[in-house]
Amino acid sequence: MTLSRSAYMEWAKGRPRAAVDLAGSNLLACEMDDLPGARQAVDIAGESPEGYPPLVERIAAHSGVTADRVATAGGCAGANFLACAALLQEGDEVLVESPFYDPLPAAARMLGGRVAHFERRFSDGYDLDPEAIEAAVTPGTRLLILSNPHNPSGALFSEDRLLEVAGIAQRRGFRILVDEVYRDTVGEGRPRPAATISPACVSTSSLTKAYGLASLRCGWAIASPEIARRIRRARDVVDGWSPMPADRVAVLAFDRLEALADRARRIVAANLETARTWLSATPELECVPPRSTLAFPRVRGVEDAGPFALRLQREAGIAVAPGHFFGAPAHFRVALGGAPALVAAGLEGIRSALPER
């Protein structure tokens, strides 16, 4: 079997570093001072065969579910992979949104899934179209993969839309995996975890994108007790359980989550205001207004923004992610989770580099 790969992740890990990096997607990383007591919390002893109980309890409370509905994982990417492993058999069809976050279909392909796509249209603000989804479903469809907020655009779909799609899933016999790693970056109107809205759904997330704690690799899936158990069994053959020092610091992070959330809100609010002002003053770009720490503009009249992204880094030292990695080559993805001054400088540099029309 040919090894499935994520072209985006391969590029993201190997690309040259830029002076102003708007190609990554993490929130500005925390420092030790943001987690008082973290050094004292580290202890290498212990075990967590079904997930470290104090961490599982805190994830459950944060998500509004019971602990038997939680399965921990190595980051949201790990949770997505384990959920696919728990839900798919070789040859199953997997329906994935487009534009898409490349590691999501890559995980399905690696597990033997046959990937097909349905379109989340720019003209609809990247909202879900239940009719388009149902039209793309076949008798072999076993899993639908979505992201909310949408990666790469930062757009949100509503609970009502999700319920419509969940009704299709229950009627046609497939599950829905919703990557919600950016959910906690949304202020007013933040959606509930999809798994608490419909039993057809599995939700995945982590402490990475919304809290600046990527290095802890604290991820999780929320599902029915039976599917959560299957995800834990899938983890048995991947890495067993998380590193205990990271789990203990993650517990400390949950105990300080409101302070971390306040920090994140300040960063995200400042950057979203800057981005919205920038977009309104940059008529060369078309963009669905972002609701999260991602924006996905396209240059008017340009079919492939890849050359612009290359030139932007080479000449201005500003990195953005080319849209072809997300199935939308006319676009480029801009990350809005960094230090506000850096983001503002990067956006202004993008505007200065745009071709004159």
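Per chain, residue numbering runs from 1 following the sequence as it is written. The model is predicted, so local features are restricted to residues of pLDDT at least 70 and side-chain atom pairs to those at 80 or more, both for listing and for counting; the totals for chains, interfaces and linings are taken over all residues. Where side-chain values are given, they derive from all heavy atoms of the structure, hydrogens and water being excluded.

### Remarks on the packing of aromatic side chains
For clarity, the threshold we go by: Planes of paired rings set the category: under 30 degrees apart is stacked, over 60 is edge-to-face and the rest tilted, where pairs are Phe, Tyr or Trp rings (Trp by its six-membered ring) whose centres lie within 6.5 Å. In DSSP terms, a helix is any run of H or I states spanning at least four residues, a strand is any run of E spanning at least two, and both are numbered starting from the N terminus. Summary of the burial criterion: residues with accessible area below 20% of their type's maximum are buried, those above 50% are exposed, and those between are partly exposed, where the area comes from a 1.4 Å probe applied to protein chains only.
Using the criterion set out here, one finds 9 aromatic pairs in the structure. Here Tyr8 and Trp11 contribute two aromatic rings whose centre-to-centre distance is 6.0 Å and whose plane-to-plane angle is 40 degrees, an arrangement assigned as tilted. Taken as a pair, Tyr8 and Trp11 lie in helix H1 (residues 7-14) at a separation of 3 residues, close to a single helical turn. You can call Trp11 partly exposed: its relative accessible area is 22%. When the ring of Tyr8 is compared with that of Tyr101, the centres are 5.8 Å apart and the planes differ by 65 degrees; the resulting orientation is edge-to-face. Of the two residues, Tyr8 is situated in helix H1 and Tyr101 in the loop between strand S3 (93-98) and helix H5 (103-110); the sequence distance between them amounts to 93 residues.

### Considering helix H11 (residues 306-316)
Put simply, the test is: As used here, the arc belongs to the directions running from the helix axis to the C-beta atoms. Any two residues whose heavy atoms approach within 4.5 Å at even a single point are treated as in contact.
All of the buried residues along H11 are Gly306, Phe308, Ala309 and Leu312. For H11, the angular spread of the buried residues around the axis is 165 degrees, confining them to a single face. Away from its buried face, by an angle of more than 90 degrees, H11 presents the exposed residues Pro307, Leu310, Arg314 and Glu315. Looking at the buried positions of H11, the neighbouring elements they touch are strand S12 (318-319), strand S13 (321-322), strand S14 (332-335) and helix H12 (340-353). Positive phi shows up at Gly317, right after H11, with a value of about 70 degrees.

### Re the packing of helix H4 (residues 75-87) against helix H8 (residues 225-236)
What counts here: Here an angle of 0 to 180 degrees is reported between the N-to-C directions of two axes, which are lines fitted to C-alpha atoms, with helices fitted over the stretch in contact. Put simply, angles under 35 degrees are roughly parallel, angles over 145 are roughly antiparallel, angles from 65 to 115 are roughly perpendicular, and the rest are oblique. Amino acids outside the nonpolar list (Ala, Val, Leu, Ile, Met, Phe, Trp, Tyr, Cys, Pro) and the charged list (Asp, Glu, Lys, Arg) are all regarded as polar, and Gly is one of them.
Their axes nearest at 8 Å, the elements H4 and H8 cross at an angle of 110 degrees. Relative to H8, H4 is oriented roughly perpendicular. Along its contact with H4, which presents Leu82, Ala83, Ala85, Ala86 and Leu87, the element H8 presents Ile227, Arg230, Ile231, Ala234 and Arg235. Considering only residue class, the contact of H4 with H8 consists of 8 nonpolar, no polar and 2 charged.

### Notes on the sheet that holds S3
For clarity, the threshold we go by: Being paired, for any two strands, means DSSP has found at least two bridges between them.
Pairing is mixed in the open sheet, where 7 strands are placed in the order S2-S8-S7-S6-S5-S3-S4. Two strands bound the open sheet, and with one partner strand each, they are strand S2 (70-74) and strand S4 (114-119). Here the strands of the sheet are splayed against their neighbours by 25 degrees on average, with no regard to which way each runs. Taken strand by strand, H4 contacts S2, strand S5 (141-147), strand S6 (175-179), strand S7 (201-206) and strand S8 (218-222), and its axis lies near 120 degrees from that of S2. Sitting on the sheet, H5 is in contact with S3, S4, S5 and S6, with an inclination near 150 degrees to S4.

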